[in-house]
Amino acid sequence: MFVYRTNRFFWPAAHRKAPSDETAFLLVPACPRASSSRKHQASHMDTPLRNLAVIGAGAMGSGIAALFASKGLNVVLIDPVDGALDRALKTIERQLNVYAPAEVQQVIQRIRMEQGLEAAAASDLVIEAVPENLDLKRGIFAKLDALCPPHTLFATNTSGLSINAIASAVQRRDRFVGAHFFTPADVIPLVEVVRNDDTSEDTVAKVMATLRFGGKRPVLVRQDIPGFIANRIQHALAREAISLLEKGVASAEDIDEVVKWSLGIRLALSGPLEQRDMNGIDVHYAIASYLYKDLENRTEPSDLLKSKVDSGHLGAKSGQGFYTWSPERRERVLREKSAALGELAAWLNGKAGGS
């Protein structure tokens, strides 16, 4: 079932992740997946793109492959790095044993694992999920452009690199989009679909239909701007939080406590603009008039953030960041967080009437 190609290493060693990084955030989701062979067959009419290729078998790529295979689509998962596909298979099996235990082998049989890019040649949609390096992504898509037939659509799972810059490596710019999944890829419902300047309406419609078929809630980002929507908002929040910590206003624990138990709960049910309407735009304007000038607005990472990176305090993966992380605590928090996210996403999705 698993064929390992000899044409390998189409991204250089400098861009490969260590094994611990490949699996760090690929977690077991708690939300159940309704599935049956009959349901999968009947649902194929909901997506025009039935054969998918995922490039990169790290945390994100493996999660994307497992998601679509669990919905009945044929997926080829491609990664040239030694051991990456073996690690991906083990993690996918672990995930499926939680949310689709009766269908583990059936779903895995829909995932073909390869090491050469040529395995993507028969795909309707190729989703790239390799490390965040512009030259790396451009090089992969240039090769895919020569390998894949004209009808194949391309999507890059970048967190904020320019879609126009990546798409410039191919001739089919009209069939190219950004598709920003969130970790864990098969738990967090939202995907940002980002146009480049030449993306066609047909491409947007087909990609969004495929994402909805996979149980996702796609949102169209109409302009190719750095960070898209979610990361711009997330980094604005993180910049202010780090600034408050740096100034000694409160501890890391208390800053996180404030966000989790006030903004976090509220934002799960209403976004920032809807909340402004609920509060009153005049009220927001009055507060903004005196508060904005005191908010953090630096355009470079803070000294505290830089010192953390320079000292190797990189967070959970290094054992020290804003908190201290033992391996046991890291594993426990990641698993509990994944389970809670799955339950919350399932509840919110049901409340919103599904995707």
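Please read these numbers as outputs of a predicted model, since none were measured by experiment.

**Q** What exactly am I supposed to notice about the overall build of the protein chain here?
**A** Helices and strands together make up the secondary structure of the protein chain, namely 14 helices and eight strands. Scored against the burial criterion, the 355 residues of the protein chain give a buried share of 44%. Residue pairs at least 24 apart in sequence account for 72% of intrachain contacts in the protein chain once pairs closer than 6 positions are excluded. Of the roughly 18,100 Å² that the protein chain leaves accessible, carbon and sulfur atoms contribute 56%.

**Q** Just to check I follow, could you spell out the packing of aromatic side chains for this structure?
**A** Each pair of aromatic rings is reported with the distance of its centres and the angle of its planes. The final tally for this structure, using the stated rule, is four aromatic pairs. Note on Phe141 and Phe154: the rings are 5.4 Å apart at their centroids and 40 degrees apart in plane angle, and the pair reads as tilted. Here Phe154 lies in strand E5 (residues 153-156) and Phe141 lies in helix H6 (residues 134-147), a separation of 13 residues in the sequence. Take Phe141: its relative accessible area is 0%, and that puts it in the buried class.

**Q** Would you mind showing me how to read the nonpolar core here?
**A** Burial of nonpolar side chains together is a common tendency in soluble globular proteins. Of all hydrophobic cores here, the largest spans 40 residues; its most connected members are Ile64, Phe68, Leu77, Leu125, Ile127 and Phe181. For this core, the element with the most residues is helix H3 (residues 59-70), which contributes seven residues. The residues contacting Ile127, other than those within four sequence positions of it, are Leu52, Ala53, Val54, Ile55, Ile64, Phe68, Ala155 and Phe181. One finds Val76, Cys148, Phe154 and Val170 within the second-largest nonpolar core, a separate group that totals 23 residues.

Parameters at a glance
Residues numbered from 1 in each chain as written. Predicted model: local features only at pLDDT ≥ 70, side-chain atom pairs only at ≥ 80, totals over all residues. Heavy atoms only, no water. Helix = DSSP H or I, 4+ residues; strand = E, 2+ residues; numbered from the N terminus. Buried < 20%, exposed > 50% of the residue type's maximum accessible area, 1.4 Å probe, protein only. Contact = heavy atoms within 4.5 Å. Areas by Shrake-Rupley, 256 points an atom, 1.4 Å probe, with all protein chains shown as cover. Phe/Tyr/Trp six-rings, centres within 6.5 Å; stacked < 30°, edge-to-face > 60°. Core = buried A, V, L, I, M, F, W, Y, C linked by side-chain atoms within 4.5 Å.

Read these as layout, nothing more, since geometry by itself doesn't imply function.
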